[in-house]
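What follows is each chain in one-letter form.
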Amino acid sequence: HTLSTPTVDAATGEIAGEFPEQMAYFEWLNSDFKDSASCQDCHMPEVQGEVALSTIWDKPRRGTRRHVFVGGNVYVLSILRQFGPEMGVTASSGQFSATIESTTAQLQNDAATVALEDVALSGSQLTANVVVNSRAGHKLPTGFPSRRVWLHLTVQDAAGQTVFESGGFNADGSIVGNDNDADPSLYEPHYPTITESDQVQIYEGITHNTAGEVTTILLRGAGYIKDNRLLPPGFDKSKATDNIAVYGLAANDENFVGGSDAVKYEIDVADAAGPFTVTAELLYQSIGYRWAENLRPYQAEEITRFLGYYDAVPNLPVMIAGATVEVE
């Protein structure tokens, strides 16, 4: 999981450098996990007891690891479960369902936690701090840059009506209020404080080409305009090398540190009646909306097939963690 891809100049078509596509190993090497847990500890669980490694080897061994490689890509597993026979995949839908269950369990048990702190109401002003603590040994999300994690926060009044929402999502997989989903040339910045419903805290890597333009074409990737993916515990962003650095406003956010981020929400509930229920969720997508949508202008058999699968299987996020607090 250390992969650099060539950067193709947007104007000349010539190779102009390299782009750090996947740096999970170096992220781990700069975390506390390097001294306590290997990649295999999380992704290749050890079999208890002795195991025969093959039918021709008569001495069972201890310390054997299962090649499960559970990650976070529930969505593509769902596509394979539905369209596996068409693709020539031999695994059954039941086997994919079991892997989806294991993947979801890892996301919800081992990835991150969310807490609501200092929730208070003064007049019509409701304030809350959402604290996200990462439990991963690498950036969250890591791997291919189409992946993203974001905060979904809602406030409901005494009647159960939603009076504020940030980070809602549509059936097509887009995030409500996300500038990048609305316009491929834009991107949503990192937020220390959120005051409006069209502001969303999205933990992601936004790639730019050699002209400084936002792109989802991997071979045009020259670097990151924004990289505020959640850092693993122990990660010192002030000492990170360029290939795993924090980019954008998160670099100067004192609450965005190794292992955690804290976002303050300041919400005007106007004349709505309390008590108010505040709910925060951390959501995950392995294929961000823009990464699929940007393919539509191109004509190729592989693109047509993929978009057919994408349109048939709802790109709904997985909830990693959540918290709810009621405030008078």
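Because the structure is predicted, anything quoted here is derived from the model rather than measured.

**Q** Outline the side chain of D227, listing residues and values.
**A** For D227, the position within the fold is in strand β10 (residues 223-227). In this structure D227 comes out as buried when scored by relative accessible area, which is 2%. Within polar-contact distance, the side chain of D227 engages the side chain of R229 at 2.9 Å. Discounting chain neighbours no more than four positions away, the residues touching D227 are K139, E204, G205, A245, V246 and Y247.

**Q** Summarise the pairing of strand β5 (residues 148-156); cite the residues concerned and give the values.
**A** Most of β5 sits out of view: eight of its nine residues are buried. Strand direction decides the pairing type here: β5 and strand β12 (residues 276-285), joined by nine bridges, are antiparallel. In the strand pairing of β12, V155 is matched with V278. Pairing analysis gives two bridges linking β5 to strand β8 (residues 202-203), with the strands arranged antiparallel. By the bridge assignment, W150 is partnered in β8 with I202. Where β5 lies against strand β6 (residues 162-166), four bridges are found, and the strand directions are antiparallel.

**Q** I'd like a description of the packing of aromatic side chains, backed by residues and values.
**A** Evaluated as defined, the whole model comprises seven aromatic pairs. Look at Y25 and F26: their rings are 5.5 Å apart centre to centre, the planes differ by 70°, and that puts the pair in the edge-to-face class. Arranged with centres 5.8 Å apart and planes meeting at 75°, the rings of Y75 and Y310 form a pair that is edge-to-face. In this pair, Y75 is assigned in helix α3 (residues 74-87) and Y310 in helix α7 (residues 301-312), connecting sequence segments 235 residues apart. A single burial state applies to Y75 and to Y310, both of which are buried. One residue, R148, lies across the ring of W150, its end atom 5.6 Å from the ring centre.

**Q** Describe the pattern of salt bridges, listing the residues and the values that go with them.
**A** Taken as a whole, this structure holds 11 salt bridges when the rule is applied. R65 is the salt-bridge partner of D41, the closest N and O atoms lying 3.0 Å from each other. Linking D41 in helix α2 (residues 39-43) with R65 in the loop between α2 and α3, this pair joins segments that are 24 residues apart in sequence. Among the ionic pairs, K226 bridges to E204, the shortest N-O distance being 2.9 Å. Taken together, the positions of K226 in strand β10 and E204 in the loop between β8 and β9 (205-208) put the pair 22 residues apart, joining distant regions of the chain. Given the relative accessible area of 2%, K226 is considered buried. Connected through salt bridges with shared partners, the residues D41, E46 and R65 form a single ionic network.

Rules used throughout
Residues numbered from 1 in each chain as written. Predicted model: local features only at pLDDT ≥ 70, side-chain atom pairs only at ≥ 80, totals over all residues. Heavy atoms only, no water. Helix = DSSP H or I, 4+ residues; strand = E, 2+ residues; numbered from the N terminus. Buried < 20%, exposed > 50% of the residue type's maximum accessible area, 1.4 Å probe, protein only. Polar contact = N/O pair within 3.5 Å; in protein donor to acceptor, adjacent residues only side chain to side chain. Contact = heavy atoms within 4.5 Å. Pairing = 2+ DSSP bridges. Phe/Tyr/Trp six-rings, centres within 6.5 Å; stacked < 30°, edge-to-face > 60°. Lys NZ or Arg CZ within 6 Å of the ring centre and 35° of its normal. Salt bridge = Lys/Arg side-chain N within 4 Å of Asp/Glu carboxyl O.

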